[in-house]
Structures are given as C-alpha cells and as structure tokens.
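Working through the structure, step by step
If you want the building blocks of each chain, they are given just below.
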Amino acid sequence: MRKKIIAANWKMNMTIGETEAFFGTFLRELGDERKVEVVIVPPFLAIAKASELLRSAQGVKLGAQNMHWEKPGAFTGEVCAAMLRDVFCNYVVLGHSERRTYFGETDAIVNKKVLAAHANTLRPILCIGETLAERDGGLVEKVLDTQIRGSMAGLTAEQVEETVIAYEPVWAIGTGRTATPQQAQDAHAFIRKTVAEIWGQAAADKVRIQYGGSVKPANTAELMSQPDIDGALVGGASLDPRGFAEIVHNTARVLG
Ligand code: 13P
C-alpha cells in the first residue's frame, strides 16, 4: 500500500510571521489526522521557523523548493542539501516547471539535483509534466518519457522507491483548469509503466506519484480516488490553512 502524500508548495509566498499564523490554524484544523503524509514546503527563509513550529507536530514533514547539487562552497546565492538537513527537511521539490521555465533548468540539471538529494538522504519530489502545446500536439507520453529518463538517470531501484514523482501538467498550474481525473490517471499510469520498464515492477509499485495543478478541496476526492494517484502537490490552495487541512481530510476520507 502506498501512503498518500499531500504537499503544500508555498512557492514565493509566506513571511516568517505568516508561517507562524498558518501553523496556528493548520495544526488545529488537521487534528490527529495521520493516515495521510503531509509535507509543507515553505520558501527557504521560513523553513527554520516552520521546523521549530512543527517540532511537536509528529508526522507533518518539511521540504524545500529547490537546492543546488554541490557540497558547501563558493556558490553565491545557493543552498545545499546539508543546509536543508540542518533544518530537518525530509523532502526537496526539484524540477518544478517554474524552475524549468523561468530559471532554465534542464533535465540534466534536475538530474544532478535528484542524485545529490538522494546522496544526502533527502527525498526528491520530482516534477514533470507537459505544456498545453505539447498536449495538443499529442506529445504527452513522449515528454513524460524524456523527463523521466533525463531527470532520473542513474538512480537505483531503491532510490526510485524513495522518490516522489509529481505529475504537474503546466497548463493546469495556477490556471484553475484542473486535469480531469481520467486525464491525470492516464498520465500517472503511463509514468508508472515507464518506471516499471526502467527500474522494474517492484519499484513502480512503490513509487508515489502526486498530481499537481489547481488542486482544491472540492476536486480532491475525485482525483485521489484514481488508482495511480498517490497524493497531490498543492500550490495556491495550500496558502489557506483551513482549505489545505480540508484537502488532507478529503484525501483521508477516500481511504475510508
Ligand atoms: P496550483 O495548485 O496553484 O495550480 O499550483 C500547482 C503547483 O505548481 C504545485 O507545485
């Protein structure tokens, strides 16, 4: 059984004060829900505060939105894996489409980060997904295949099992236009099949695949009911502590 994983990608939002206010409400609304794995992914500057606030909240984990692949050294403006471990991050989001589009991250760059994350016992939440033009051109499977082979090159089957893949169709991010449950399921099934071809069926059965793109409380249950959807990577709707807690509860309800 794959444990469902719901992650809050706050992107470039939330000051330290706002982070404190978020957790005050969120942890109360979350209650003792532990059937679902919850990961909060604040901007770098708020991670240490989030870590402190989560110390007593067992089960809620932390992630970062990016990192450099190098060891500590002369890389002005960058953050490395050891620094993320230092503030108790378990996860790191890598290859988000915003990083690929605005900061020129290629599969080769993302791959270095994915390998470095594993080398430092951080679990990557690796984002892949097609643009609207690629979907309209019938290229969904080709794009996903290329991103999987490129971004995950050199991983062992065990490392793949510890990786979370986030399928985020670019056209669904921040647009209010969610993929239909069937569109998402089809993409997730293809991703799992590709993982099976490269790393074997056991790894494919274990790897968790999140859906991301305009997830909100109202569409959570239907998406999370799909057999190959193992969670969600939530952007905009994760900034509201009540709404995000509702997404977690709606996911838990699907599990019965
Ligand atoms: P939205 O939920 O705002 O569409 O963003 C999705 C996303 O990019 C999560 O990483």
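Here's a quick rundown of the structure. (Residues numbered from 1 in each chain as written. Predicted model: local features only at pLDDT ≥ 70, side-chain atom pairs only at ≥ 80, totals over all residues. Heavy atoms only, no water.)

1. Description of the environment of glutamine 58
With respect to the helices, strands and loops of the structure, glutamine 58 is situated in the loop between α2 (44-54) and β3 (60-64). Its relative accessible area of 66% is what places glutamine 58 among the exposed residues. As a C-alpha pair, glutamine 58 and aspartate 32 span 26 residues in sequence and 9.4 Å in three-dimensional space. (Helix = DSSP H or I, 4+ residues; strand = E, 2+ residues; numbered from the N terminus. Buried < 20%, exposed > 50% of the residue type's maximum accessible area, 1.4 Å probe, protein only.)

2. Structural notes on the site of the ligand
The ligand sits among Asn9, Lys11, His96, Glu168, Ala172, Ile173, Gly174, Gly213, Ser214, Leu233, Gly235 and Gly236. Measuring from an oxygen atom of the ligand, one finds a backbone N or O atom of glycine 174 at 2.6 Å. A distance of 2.9 Å separates an oxygen atom of the ligand from a polar backbone atom of glycine 235. If the ligand stood free it would expose 310 Å²; the protein chains cover 95% of that surface. Tallied by class, the residues present in the shell around the ligand amount to 3 nonpolar, 7 polar and 2 charged. (Near = heavy atom within 4 Å. Polar contact = N/O pair within 3.5 Å; in protein donor to acceptor, adjacent residues only side chain to side chain. Areas by Shrake-Rupley, 256 points an atom, 1.4 Å probe, with all protein chains shown as cover. Nonpolar A, V, L, I, M, F, W, Y, C, P; charged D, E, K, R; others polar.)

3. What about the pattern of salt bridges?
Going through the model one piece at a time under the given rule, you end up with 18 salt bridges. For glutamate 105, the salt bridge goes to lysine 113, with nearest N and O atoms at 2.8 Å. Among the salt bridges present, the one from glutamate 162 reaches arginine 123, with a minimum N-O distance of 2.8 Å. Remark: arginine 123 occurs in strand β5 (residues 123-128) and glutamate 162 occurs in the loop between α8 (157-161) and β6 (164-167); sequence separation between them is 39 residues. Here the salt bridges do not stand alone but share partners, grouping Arg2, Arg192, Asp228 and Asp230 into one network. (Salt bridge = Lys/Arg side-chain N within 4 Å of Asp/Glu carboxyl O.)

4. What about helix α7 (residues 140-151)?
The end-to-end C-alpha distance of α7, which contains 12 residues, comes to 16 Å, matching closely the 16 Å that a straight helix rising 1.5 Å per residue would cover. For α7, the full list of buried residues reads Val140, Val143, Leu144, Gln147, Ile148 and Ser151. All buried residues of α7 fall inside an arc of 125 degrees around its axis, so they share one side. Contacts from the buried residues of α7 go to α4 (97-102), α5 (107-119), β5, α6 (132-136), β6 and α9 (181-199). (Expected span 1.5 Å × (residues − 1). Arc of directions from axis to C-beta. Contact = heavy atoms within 4.5 Å.)

5. Examining the pairing of β5
Burial within β5 is extensive, with 5 of its 6 residues counted as buried. As defined by bridge partners, β5 adjoins β6 across 4 bridges and the pair is classed as parallel. Across the sheet, residue isoleucine 128 finds its bridge partner in β6, namely tyrosine 167. (Pairing = 2+ DSSP bridges.)

6. As for the packing of aromatic side chains
Going through the model one piece at a time under the given rule, you end up with 6 aromatic pairs. Pairing phenylalanine 26 with phenylalanine 244 gives two aromatic rings, centres 5.4 Å apart and planes at 35 degrees, and the pair type is tilted. Residue phenylalanine 26 is found in helix α1 (residues 16-30), and its partner phenylalanine 244 is found in helix α12 (residues 241-255); the two are separated by 218 residues along the sequence. Across the pair, phenylalanine 244 and phenylalanine 26 agree in class, each one buried. Taken together, Trp10, Phe22, Phe23, Phe26 and Phe244 form an aromatic cluster joined through their ring pairs. Across the ring face of phenylalanine 103, the terminal group of arginine 99 is positioned such that the distance to the ring centre comes to 4.2 Å. (Phe/Tyr/Trp six-rings, centres within 6.5 Å; stacked < 30°, edge-to-face > 60°. Lys NZ or Arg CZ within 6 Å of the ring centre and 35° of its normal.)

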